[in-house]
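Take a look at the letters that make up each chain.
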Amino acid sequence: MVNKTHLVAAFCLSTYAFFFVIEAAEDINEDIKLSEEYKKSRKSSQTNLELKDIVFVIQSQSNSFHKKIAKEVEQNILKQASELGKKHPTVLFIHEMDKHEGAWTILPLMQHFSATYGRNSSWIFFCEEETNIRILKLLETLKRFDKSKEWFLGKALYDEESTIIHHYAFAENPKIFKYPDLTAGWALSIPLVNKLASKLKNEPLKSDFTIDLKHEIALHIWEKGNGHQLTAVPEFCTDDATSVKAAHCATTFNTFLPLCGSPVKKENIFVAVKTCKRFHKERVPIVKLTWEKQAALLEYYSDYTDSTIPTVDLGIPNVKRGHCGKTFAILERFLNVSKTSWLVIVDDDTLIRMVFSREAVQKLLHSKCRCYRNDAPDDMVLGMCFSGLGVSVTHSPLFHQARPMDYPKDYLAHQVPISFHKHWNLDPVKVYFTWLAPGEDSQKGELHQHIKEDL
Ligand SMILES: *[C@@H]1O[C@H](CO)[C@@H](O)[C@H](O)[C@H]1NC(C)=O
Ligand SMILES: *[C@@H]1O[C@H](CO)[C@@H](O)[C@H](O)[C@H]1NC(C)=O
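Residues numbered from 1 in each chain as written. Chains lettered and ligands numbered in written order. Predicted model: local features only at pLDDT ≥ 70, side-chain atom pairs only at ≥ 80, totals over all residues. Heavy atoms only, no water.

1. Things to note about the site of ligand 1
Stage number 1. Around ligand 1, a shell composed of Lys 52, Thr 90, Thr 116, Tyr 117 and Asn 120 is seen.
Stage number 2. Measuring from an oxygen atom of ligand 1, one finds a backbone N or O atom of Thr 116 at 3.4 Å.
Stage number 3. The contact in question runs from an oxygen atom of ligand 1 to an N or O atom on the side chain of Asn 120, over 2.3 Å.
Stage number 4. Its free accessible area being 360 Å², ligand 1 has 49% of it covered by the protein chains.
Stage number 5. Classifying every residue of the shell around ligand 1 gives one nonpolar, three polar and one charged. (Near = heavy atom within 4 Å. Polar contact = N/O pair within 3.5 Å; in protein donor to acceptor, adjacent residues only side chain to side chain. Areas by Shrake-Rupley, 256 points an atom, 1.4 Å probe, with all protein chains shown as cover. Nonpolar A, V, L, I, M, F, W, Y, C, P; charged D, E, K, R; others polar.)

2. Considering the pattern of salt bridges
Stage number 1. For the structure on display, the rule yields 21 salt bridges.
Stage number 2. Salt-bridge contacts for Glu 160 lead to Lys 409; the nearest nitrogen and oxygen are separated by 3.4 Å.
Stage number 3. Taking the shortest distance from any N to any O, the salt bridge between Arg 333 and Glu 299 comes out at 2.8 Å. Linking Arg 333 in helix α9 (residues 324–337) with Glu 299 in strand β13 (residues 297–302), this pair joins segments that are 34 residues apart in sequence. (Salt bridge = Lys/Arg side-chain N within 4 Å of Asp/Glu carboxyl O. Helix = DSSP H or I, 4+ residues; strand = E, 2+ residues; numbered from the N terminus.)

3. Observations concerning the sheet that holds strand β8 (residues 186–189)
Stage number 1. Spatially, β2-β1-β3-β8-β5-β9 is the arrangement adopted by the six strands of the open sheet, whose pairing is mixed. For this open sheet the edge positions go to β2 (91–93) and β9 (231–232), each flanked by a neighbour on one side alone.
Stage number 2. Pairing between strand β5 (residues 152–154) and β9: two bridges, direction parallel. Across the sheet, the residue bridging to Gly 154 is Ala 232, located in β9.
Stage number 3. Contacts between helix α3 (residues 64–83) and the sheet are confined to β1 (54–59), β2 and β3 (123–128), with β2 contributing the most and set at about 175 degrees to the helix.
Stage number 4. Of the strands in this sheet, β1, β3, β5 and β8 touch helix α5 (residues 135–143), which is tilted by about 120 degrees from β1. (Pairing = 2+ DSSP bridges. Contact = heavy atoms within 4.5 Å. Axes fitted to C-alpha atoms, helices over the stretch in contact; angles between N-to-C directions.)

4. Side note on the state of the cysteines
Stage number 1. Overall, the coordinates contain three disulfides when judged by the stated rule.
Stage number 2. Covalent S-S linkage joins Cys 237 and Cys 249, the inter-sulfur distance amounting to 2.0 Å. Handedness of the Cys 237-Cys 249 disulfide follows from its S-S torsion of about -95 degrees: it is left-handed. Here Cys 237, found in strand β10 (residues 236–240), pairs with Cys 249, found in the loop between β10 and β11 (251–253); they are twelve residues apart in sequence, far enough to count as distant.
Stage number 3. On the basis of relative accessibility, which here comes to 4%, the residue Cys 237 falls in the buried class.
Stage number 4. By relative accessible area, Cys 249 is classed as buried at 0%.
Stage number 5. Cys 324 shares a disulfide with Cys 371; S-S distance 2.3 Å. Where Cys 324 bonds to Cys 371 through sulfur, the torsion about that S-S bond is close to -90 degrees, and the disulfide is left-handed. The burial state of Cys 324 is the same as that of Cys 371; both residues are buried.
Stage number 6. Cysteine pairing in the protein chain follows 1-2, 3-5, 4-6, where each cysteine in a disulfide is numbered by its order in the sequence. (Disulfide = S-S within 2.5 Å. Buried < 20%, exposed > 50% of the residue type's maximum accessible area, 1.4 Å probe, protein only.)

5. Considerations on the packing of aromatic side chains
Stage number 1. The full count for this structure, using the stated rule, is 14 aromatic pairs.
Stage number 2. Seen in terms of ring centroids, Phe 56 and Phe 125 are 5.7 Å apart; in terms of plane orientation they differ by 65 degrees. Their pairing is edge-to-face. Note that Phe 56 is positioned in strand β1 and Phe 125 in strand β3, a separation of 69 residues in sequence.
Stage number 3. For Phe 56, a relative accessible area of 0% gives the class buried.
Stage number 4. Given a relative accessible area of 0%, Phe 125 falls into the buried group.
Stage number 5. Through a chain of ring-to-ring contacts, three or more aromatic side chains come together here, namely Phe 113, Phe 126, Phe 152 and Trp 186.
Stage number 6. Against the face of Tyr 411 rests Lys 214, its NZ or CZ located 4.1 Å from the ring centre.
Stage number 7. Directly above the ring of Phe 279 sits Arg 283, whose terminal nitrogen or CZ lies 3.6 Å from the centroid. (Phe/Tyr/Trp six-rings, centres within 6.5 Å; stacked < 30°, edge-to-face > 60°. Lys NZ or Arg CZ within 6 Å of the ring centre and 35° of its normal.)

Structure representation (structure tokens):
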């Protein structure tokens, strides 16, 4: 069985309901205040640090496309090391560490890191595929921190409002809790790795369920106030490498947009919208007003036939939760009525959700794996079925399970988002045209940038 936790967790991102009243977003442009520790670190004299004392860990994924990008990150690190005339550091790929159940959630690797590098290294530095590292600057940055102490370094994000994706943590004052933007890279000093490892040995992780990794790692290290808060380091950046703002940065950011050849034609994508009678008047009109016209082939699936939309009744009674029965009926219908290579399934309040290749759907329906009940959670069942079939989930940070206001502005600022979810307490048409509507293609990136700066 490969990496089941990964699959299950990745698929669980979309089934949340909102019940709480959230205040209107405030305009926050205040810079993250530099922590006292950070200021102290600037004053202290530099410590000895060799590049080979840093272990680089790349948050890689196992499919060929992502593997290739991660390999390029490694090559880039080693090339810079050679150019600087330095001994090569260790570079690890998360997707190759999957004998540790749930390796992608990082914490399960602490004991391994401690046992293997706990005596001969100084830092573990984590980064993503999109992280650009300036090795010399990184080395200079880390040198300012006393490596014999416990450190948790990164670019700080914080919630402007309490949000369901963080279980409404710090509801009284969500801004006080800082967590790292993983794209900027983040670092743990070895003494902290050793401490986390020995704690995890005595108290193994209880949850095998991850919703927002960066927040959960920070919560774990914070230990309800007994551990460490993130130390914000301004050299960990998500600015574009070419921008003037990035001059001081040890890390910069490469676009999330995949460079994988010409885009799939919309005639080759079948879009299934899940709805039910209750939402024919409330939600379907919003889909029609926003992204429907971008789809060449689209069907609405409901528990009721309405020729004005039109909807297709799949003969599966609507249930409040789960939707497994309905989703499997959609998979079957997709193979029956379409010839396209791709299937996209969305909710009527999703502004995209799950994307399947035709081959994956065929493989699934030829297997015996099915919903154990019609109202079983479809995302978890799909995760478990595909995992059993050896089809791995590919994660994209551009699909969002919640609304734009549920994410830090600083985090969304370096994204071109693909989707958001839930129409609760917002104007979905406005969200669509602000964040998701395609502009004139050539200007798209620029347009988004303007809007985001205006917000
Ligand atoms: C530290 O030890 C591990 C395990 O023996 C080894 O794989 C790694 O390369 C060593 N690192 C350094 C910097 O010597
Ligand atoms: C798909 O086609 C098969 C065989 O004709 C039929 O039994 C099944 O009901 C169809 N399923 C859907 C959801 O249309």
